[in-house]
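# Structure assessment
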Amino acid sequence: MPTLIVLRHAKAVAGLDLADIDRPLNDRGRRDAAATGEWLRDNDLVPGRVLCSTAVRTRQTLEGLALRSDVGFEDQIYDNDSDTLLSLVRETDDGVRTLLLIGHNPSVHELVHDLTGGAPEAFPTCALAVIELTAPWAEAWPGSGTLTLTRTPKG
């Protein structure tokens, strides 16, 4: 069955003089993204497809992961709505075994909770959740997944 990896973007600058969508990663965010990419490779969790928000910080997170995956950039992920994220997951081609979705809180945290009925209490920057689904992508519904592991940059 399919595996969904939900990743919150890495730590970004405060961005006092920037529009929210234009905020880049800070030094810690770049380090955390690189470490997360290494962890994904070390744990044989390199996705076949990535869906990524169009925000600068999510694009830079994806770049820092250094994965060789098919990538789709989705404006809708930036809208930060968990129902929209679930709809995007459902549209995934059945040939994709593992999907990585890179987005924003609170919607990524809510998606993990909705699909699994549980989620970590906190979902800090560069946190990820690995969810095993019980049916094909098109049948992903609340409660249809099992949270198999979580990871944060701090452990």
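All values derive from a computational prediction rather than experimental measurement. (Residues numbered from 1 in each chain as written. Predicted model: local features only at pLDDT ≥ 70, side-chain atom pairs only at ≥ 80, totals over all residues. Heavy atoms only, no water.)

### Things to note about the state of the cysteines
Disulfide: a covalent bond connecting the sulfur atoms of a pair of cysteines. According to the stated counting rule, one finds 0 disulfides in the structure shown. Free cysteine Cys 52: the closest other cysteine sulfur is in Cys 126, separated by 12 Å. Taking the relative accessible area as the measure of exposure, Cys 126 reaches 0% and is therefore buried. (Disulfide = S-S within 2.5 Å. Buried < 20%, exposed > 50% of the residue type's maximum accessible area, 1.4 Å probe, protein only.)

### Details of the sheet that holds strand β3 (residues 70-74)
Spatially, the 6 strands line up as an open sheet ordered β3-β2-β4-β1-β5-β6, and their pairing is mixed. Here the strands that pair on one side only, and so sit at the sheet edges, are β3 and β6 (145-151). Neighbour to neighbour, the strand axes of the sheet diverge by 20° on average, direction disregarded. Bridge analysis of strand β1 (residues 3-8) against strand β5 (residues 128-133) gives 5 bridges, and the strand direction is antiparallel. Paired with Leu 7 across the strands is Leu 128, a residue of β5. Helix α1 (residues 27-42) rests against β1, β5 and β6 of the sheet, and its axis sits at about 125° to β6. Sitting on the sheet, helix α4 (residues 82-90) touches β1, β2 (49-53), β3 and β4 (98-103), and the angle it makes with β4 is about 155°. (Pairing = 2+ DSSP bridges. Helix = DSSP H or I, 4+ residues; strand = E, 2+ residues; numbered from the N terminus. Axes fitted to C-alpha atoms, helices over the stretch in contact; angles between N-to-C directions. Contact = heavy atoms within 4.5 Å.)

### Some words on the pattern of salt bridges
All told, the structure shown has 5 salt bridges when counted by the stated rule. Its salt-bridge partner being Asp 20, residue Arg 57 comes within 3.0 Å of it at the nearest N-O pair. Placement of the pair is Arg 57 in helix α2 (residues 56-65) and Asp 20 in the loop between β1 and α1, with a sequence separation of 37 residues. Here Asp 70 and Arg 49 are joined by a salt bridge, their closest N and O atoms 2.6 Å apart. Taken together, the positions of Asp 70 in strand β3 and Arg 49 in strand β2 put the pair 21 residues apart, joining distant regions of the chain. (Salt bridge = Lys/Arg side-chain N within 4 Å of Asp/Glu carboxyl O.)

### Topic: unusual backbone geometry
Cis geometry marks the peptide bond from Asn 105 to Pro 106; its omega dihedral reads 10°. Locating Pro 106 in the fold gives a position in the loop between β4 and α5 (107-116). Although it is not a glycine, Asp 44 adopts a positive phi angle of roughly 55°. You can see Asp 44 is positioned in the loop between α1 and β2. Here Asp 44 falls in the exposed class, since its relative accessible area comes to 71%. Positive phi, close to 65°, is recorded for Asn 80, a residue that is not glycine. With respect to the helices and strands, the residue Asn 80 is situated in the loop between α3 (75-78) and α4. Overall, the relative accessible area of 25% leaves Asn 80 in the partly exposed class.

Keep in mind that these numbers describe shape and distance, not what the molecule does.
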